[in-house]
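If you want the building blocks of each chain, they are given just below.
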Amino acid sequence: MSTEHAISKRSYYTVFFVLLVCTYLTWQIAYFDLGPLNTVVALAIAIFKAALVVLFFMHVRTSPRLTWVVVVASLFWLGILLVLTASDYLTRHWI
Amino acid sequence: MWVFLATEVLFFGGMFLTYSIYRHAYPSAFIAASREMIVWAGTINTAVLITSSLTVVLAVHAAAAGQRRALLLFLMITILLGFVFLGIKGYEYWTEFGEHHFPGRSFQFDARYAPQAEIFFSLYFMMTGLHAVHMIIGIGIMAVMFWLSWRGTITREYSSPIEISGLYWHFVDIVWIFLFPLLYLVGRHVH
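Rules of the game
Residues numbered from 1 in each chain as written. Chains lettered and ligands numbered in written order. Predicted model: local features only at pLDDT ≥ 70, side-chain atom pairs only at ≥ 80, totals over all residues. Heavy atoms only, no water. Helix = DSSP H or I, 4+ residues; strand = E, 2+ residues; numbered from the N terminus. Buried < 20%, exposed > 50% of the residue type's maximum accessible area, 1.4 Å probe, protein only. Contact = heavy atoms within 4.5 Å. Areas by Shrake-Rupley, 256 points an atom, 1.4 Å probe, with all protein chains shown as cover. Domains from an automatic or database assignment. Buried area = accessible area lost by both parts, 1.4 Å probe. Polar contact = N/O pair within 3.5 Å; in protein donor to acceptor, adjacent residues only side chain to side chain. Nonpolar A, V, L, I, M, F, W, Y, C, P; charged D, E, K, R; others polar. Phe/Tyr/Trp six-rings, centres within 6.5 Å; stacked < 30°, edge-to-face > 60°. Salt bridge = Lys/Arg side-chain N within 4 Å of Asp/Glu carboxyl O.

**Here we look at the overall build of chain A**
And then number 1: Within chain A, the regular secondary structure consists of 3 helices and 0 strands.
And then number 2: Seen through its principal axes, chain A has C-alpha atoms that stretch 55 × 35 × 10 Å.
And then number 3: Out of the 95 residues belonging to chain A, those deemed buried represent 29%.
And then number 4: The long-range share in chain A, meaning contacts at least 24 apart out of those at least 6 apart in sequence, stands at 57%.

Here you go:
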């Protein structure tokens with residue numbers, strides 16, 4: 001494990017602040033009727049927050065390639081799980 | 001730890017998938033059931049977990065810099081925030097049991113949506129329950145890290161246990177980042 005990280009304490013506080021602002025936004029936006037966009041916006045903010053945590057708090061931004069491979073592979077498997085199952089359930093009424 | 005977390009992604013991924021399928025099948029019941037969630041509790045808990053993730057990175061930072069006092073302080077705050085989260089979650093469960101929202105024989109809900117709302121609450125209790133189990137394990141790991149740091153096992157040269165434990169904690173935070181909007185905020189826009 002590398003213990004050297006190019007991420008400064010200051011950027012941790014910045015990321016923390018952005019995460020809190022995003023939480024506030026998700027919460028407030030949920031009260032506006034955007035139709036199907038409500039879920040899209042909520043998930044987009046959640047994905048953005050998760051990316052901030054992974055890249056900065058979990059140091060992936062400055063991690064070796066091997067860590068990137070594992071992260072991307074896990075997202076790829078998650079994608080297979082979600083896409084293949086959705087392609088079944090969402091198309092059943094076609095036949 | 002990263003490989004373990006990859007398996008955890010799929011573990012929780014399966015539950016999010018089940019949630020998506022049922023929400024797609026019963027949108028109005030999910031909206032009705034989600035409106036019963038205690039929004040302030042979920043929002044505060046999101047902020048609590050984000051703050052605990054900050055204290056974890058500050059602990060990792062302190063460990064790598066060999067600052068023992070700061071390390072112990074941030075680990076302690078992290079553990080306390082973990083208990084605050086579980087306390088608020090416990091209050092929610094207590095309220096929901098009182099309102100007969102726990103699935104089972106005594107489940108009560110608006111008759112139009114009752115069977116499908118019961119599915120929502122099953123998913124809610126499974127997903128947040130599994131998350132809470134992860135929180136309890138996380139608090140246990142942080143307690144061990146506190147002990148190791150107290151004993152002086154963790155040094156500037158040997159700080160990777162703190163970093164690896166931190167990865168687990170952040171992962172559990174990320175799961176909550178997705179649980180919060182999907183369980184608490186669905187259908188808030190319906191008046």
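**Side note on the overall build of chain B**
And then number 1: Within chain B, the regular secondary structure consists of 6 helices and 0 strands.
And then number 2: Reading chain B from its N terminus to its C terminus gives the helix and strand order α-α-α-α-α-α.
And then number 3: Counting only C-alpha atoms, chain B reaches 60 × 30 × 30 Å along its principal axes.
And then number 4: Counting across all 191 residues of chain B, residues that qualify as buried make up 57%.
And then number 5: Of the contacts made within chain B by residues no fewer than 6 positions apart, 82% connect residues no fewer than 24 positions apart.
And then number 6: About 7900 Å² of surface is accessible on chain B, with carbon and sulfur atoms providing 68% of the total.

**Looking at helix H2 (residues 27-34) of chain B**
And then number 1: For H2(B), the complete set of buried residues consists of Ala29(B), Phe30(B), Ala32(B), Ala33(B) and Ser34(B).
And then number 2: Contacts from the buried residues of H2(B) go to helix H1 (2-25), helix H5 (114-151) and helix H6 (160-184) of chain B.

**Examining the environment of Pro64(A)**
All names here are of chain A.
And then number 1: Relative to the elements of secondary structure, Pro64 occurs in the loop between helix H2 (37-57) and helix H3 (65-89).
And then number 2: Given the relative accessible area of 47%, Pro64 is considered partly exposed.
And then number 3: Taking the C-alpha atoms as reference, Pro64 lies 35 Å from Ser87; in sequence the two are 23 residues apart.

**Thoughts on the domain arrangement of chain A**
Residues and elements named next belong to chain A.
And then number 1: What the domain assignment reports for chain A is domain 1 (1-63) and domain 2 (64-95).
And then number 2: Just the C-alpha atoms count here: the centres of domain 1 and domain 2 sit 22 Å apart.
And then number 3: Facing the 5 residues of domain 1 at the interface are 5 residues of domain 2.
And then number 4: At the boundary of domain 1 with domain 2, total buried surface from both sides reaches about 380 Å², with 75% on carbon and sulfur atoms.
And then number 5: The interface formed by domain 1 and domain 2 includes 1 residue pair in polar contact (both at pLDDT 80 or more).
And then number 6: In terms of residue class, the side of domain 1 that touches domain 2 is made up of 2 nonpolar, 2 polar and 1 charged.

**Things to note about the packing of aromatic side chains**
All names here are of chain B.
And then number 1: Overall, the coordinates contain 26 aromatic pairs over all chains when judged by the stated rule.
And then number 2: Note on Tyr22 and Tyr26: the rings are 6.2 Å apart at their centroids and 15° apart in plane angle, and the pair reads as stacked.
And then number 3: Here Tyr22 falls in the partly exposed class, since its relative accessible area comes to 31%.
And then number 4: Their ring planes at 40° and their centres at 5.9 Å tell us that Phe180 and Tyr184 sit as a pair that is tilted. Here the residue Phe180 and the residue Tyr184 both occupy positions in helix H6, the gap between them amounting to 4 residues, near one helical turn.

**Brief notes about the interface of chain B and chain A**
Reports of interface size often rely on the accessible area that becomes lost once the parts have come together.
And then number 1: With 43 residues of chain B at the interface, the matching set in chain A holds 42 residues.
And then number 2: Across the interface of chain B and chain A, roughly 3800 Å² is buried in total on both sides, 82% from carbon and sulfur atoms.
And then number 3: In terms of surface lost to chain A, no three residues of chain B exceed Trp2(B), Ile50(B) and His189(B), which account for 17% of the buried area on that side.
And then number 4: At the junction of chain B with chain A, the criterion picks out 0 salt bridges.
And then number 5: At the surface where chain B touches chain A, the tally comes to 4 residue pairs in polar contact (both at pLDDT 80 or more).

**Topic: the side chain of His134(B)**
And then number 1: Residue placement: His134(B) occurs in helix H5.
And then number 2: Within the structure, the side chain of His134(B) is placed 2.5 Å from the side chain of Glu8(B), a separation counted as a polar contact.

**A closer look at the pattern of salt bridges**
Residue and element names in this part refer to chain B.
And then number 1: Tallied over the entire structure, the rule returns 3 salt bridges over all chains.
And then number 2: Between Lys89 and Glu92 there is a salt bridge, and its shortest N-O distance comes to 3.1 Å. Taken together, the residues Lys89 and Glu92, both in helix H4 (residues 68-98) and 3 residues apart, mark about one turn of the helix.
And then number 3: For Glu92, a relative accessible area of 0% translates into the label buried.
And then number 4: Asp110 is the salt-bridge partner of Arg112, the closest N and O atoms lying 2.7 Å from each other.
And then number 5: Take Arg112: its relative accessible area is 62%, and that puts it in the exposed class.
And then number 6: Residue Asp110 is classed as partly exposed on the basis of its relative accessible area of 34%.

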